[in-house]
Amino acid sequence: MSILLGQTAPDFEQESTAGTIRFHEWLGDSWGLLFSHPKDYTPICTTELGEVARLRGEWDKRGVKTIGLSVDPLDSHFGWAKDIEETQGQKLDYPLLADFDGKVSTLYEMIHPDSDPTYTVRSVFVVDPNKKIRLILTYPPSSGRNFAEILRAIDSLQLTDAQPVATPVNWNPGDAVIISPKLSDADAKQRFPQGFKTLKPYLRSVELEASA
């Protein structure tokens, strides 16, 4: 069965560099970022894991816990962590799952046989505090991820959970947003007293107040 947006993220128990992880228990009331890398001691993955550690303040600001995964064993993770710190200047401060038996990779369909039957692709899953999957990204092994885009998408998810709006193309925090078509003009005027711009009845743009 495919993993789809809106589904409950499959729970699991697996060993990690931070001890045994029981995923739902570990997440608690936080948002979560679960991401896989194809193999330890590879160049692109080394830069990615260092970047996730470097962005710790950004994850914390959004209430996001981060957790990585590959099918390499635990001792490999610990050895590689030293290389990451040496080359990227960042000490790993989040767990890496040692999915040596492929349990989590199978649950989350991280191994794509037609791409490589041995290693996980670069999967990304954003999970909300209700344990629902809210974002899925899949990159090929050769392409490093853009974690600034992942942060931007989380900002969008958190904003649109809090308000009846959606974020348009190339949106960044602070930009105008689109009022939900489900909201009538009367309700929109009450909800957004600062006013909004109507381009079409279904396309209404609003600048959110700084305190929103």
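Refer to the structure presented above.
In this report, we go over the structure that sits alongside the text.

Quick notes on the overall build of the protein chain
Then, number 1: Within the protein chain, the secondary structure is distributed over 7 helices and 11 strands.
Then, number 2: Overall, the protein chain is about 60 × 40 × 30 Å in size when its C-alpha atoms are taken along their principal axes.
Then, number 3: Relative to its full complement of 212 residues, the protein chain shows a buried share of 43%.
Then, number 4: A separation of at least 24 residues holds for 65% of the contacts in the protein chain among residues at least 6 apart in sequence.
Then, number 5: Accessible area for the protein chain stands at about 10800 Å²; split by element, carbon and sulfur atoms hold 52% of it.
Then, number 6: In the protein chain, the 22 positive side-chain charges and the 30 negative ones have mean positions that sit 7 Å from each other.

Details of the packing of helix α2 (residues 43–54) against helix α4 (residues 74–88)
When two helices pack together, you describe them by how their axes are tilted relative to each other and by the distance separating the axes.
Then, number 1: Closest axis-to-axis distance for the α2/α4 pair is 9 Å, and the angle between their directions is 75°. Considering the angle they form, α2 stands roughly perpendicular to α4. In this structure, α2 contributes Cys-45, Thr-46, Thr-47, Leu-49 and Gly-50 to the contact, and α4 contributes Trp-80, Ile-84, Thr-87 and Gln-88.
Then, number 2: Of the residues contributing to the contact of α2 with α4, the split by class is 4 nonpolar, 5 polar and no charged.

A word on the pattern of salt bridges
Then, number 1: For the structure shown, the criterion picks out 14 salt bridges.
Then, number 2: In this structure, the salt-bridge partner of Asp-72 is Lys-39, at a minimum N-O distance of 3.8 Å. Remark: Lys-39 occurs in the loop between β3 (31–36) and α2 and Asp-72 occurs in the loop between β4 (64–70) and α4; sequence separation between them is 33 residues.
Then, number 3: A relative accessible area of 10% means that Asp-72 is categorised as buried.

Details of the sheet that holds strand β9 (residues 177–179)
Two pairing modes exist for strands in a sheet, parallel and antiparallel, and in both the strands are linked by backbone hydrogen bonds.
Then, number 1: Read from one edge of the open sheet, 4 strands run β8-β9-β11-β10, paired in antiparallel fashion. The outermost strands of the open sheet, each flanked by one partner alone, are β8 (165–166) and β10 (197–200).
Then, number 2: Relative to β9, β8 runs antiparallel, the two being bridged by 2 bridges. Bridge pairing in β9 places Ala-166 opposite Ile-178.

A few points about the nonpolar core
Then, number 1: If you look at the biggest cluster of nonpolar residues, it comprises 24 residues, and the most contacted ones within it are Leu-33, Phe-35, Leu-49, Trp-59, Tyr-94 and Phe-147.
Then, number 2: For this core, the elements supplying multiple residues, two or more each, are β3, α2, α4, β6 (122–127) and α6 (147–162).
Then, number 3: Per element, the largest residue contribution to this core is 6 residues, and it comes from α6.
Then, number 4: Residues in contact with Leu-49, not counting those within four places in the same chain, are Phe-35, His-37, Trp-80, Ile-84, Leu-92, Tyr-94 and Leu-96.
Then, number 5: Counting 17 residues, the second largest nonpolar core, distinct from the first, contains Phe-23, Trp-26, Leu-69 and Met-110.

Brief notes about the environment of Leu-55
Then, number 1: Note on placement: Leu-55 falls in the loop between α2 and α3 (56–61).
Then, number 2: Residue class for Leu-55 comes out buried when judged on its relative accessible area of 9%.
Then, number 3: As for Leu-55 and Gln-90, which are separated by 35 residues in sequence, their C-alpha atoms are 9.9 Å apart.
Then, number 4: Residues within four places of Leu-55 in sequence aside, it is in contact with Phe-147 and Leu-151.

What counts and what doesn't
Residues numbered from 1 in each chain as written. Predicted model: local features only at pLDDT ≥ 70, side-chain atom pairs only at ≥ 80, totals over all residues. Heavy atoms only, no water. Helix = DSSP H or I, 4+ residues; strand = E, 2+ residues; numbered from the N terminus. Buried < 20%, exposed > 50% of the residue type's maximum accessible area, 1.4 Å probe, protein only. Contact = heavy atoms within 4.5 Å. Areas by Shrake-Rupley, 256 points an atom, 1.4 Å probe, with all protein chains shown as cover. Lys, Arg positive; Asp, Glu negative; His and termini not counted. Charge placed at Lys NZ, Arg CZ, Asp CG, Glu CD. Axes fitted to C-alpha atoms, helices over the stretch in contact; angles between N-to-C directions. Parallel < 35°, antiparallel > 145°, perpendicular 65-115°, else oblique. Nonpolar A, V, L, I, M, F, W, Y, C, P; charged D, E, K, R; others polar. Salt bridge = Lys/Arg side-chain N within 4 Å of Asp/Glu carboxyl O. Pairing = 2+ DSSP bridges. Core = buried A, V, L, I, M, F, W, Y, C linked by side-chain atoms within 4.5 Å.

Fair warning: the whole summary comes from geometry, so function is off the table for now.
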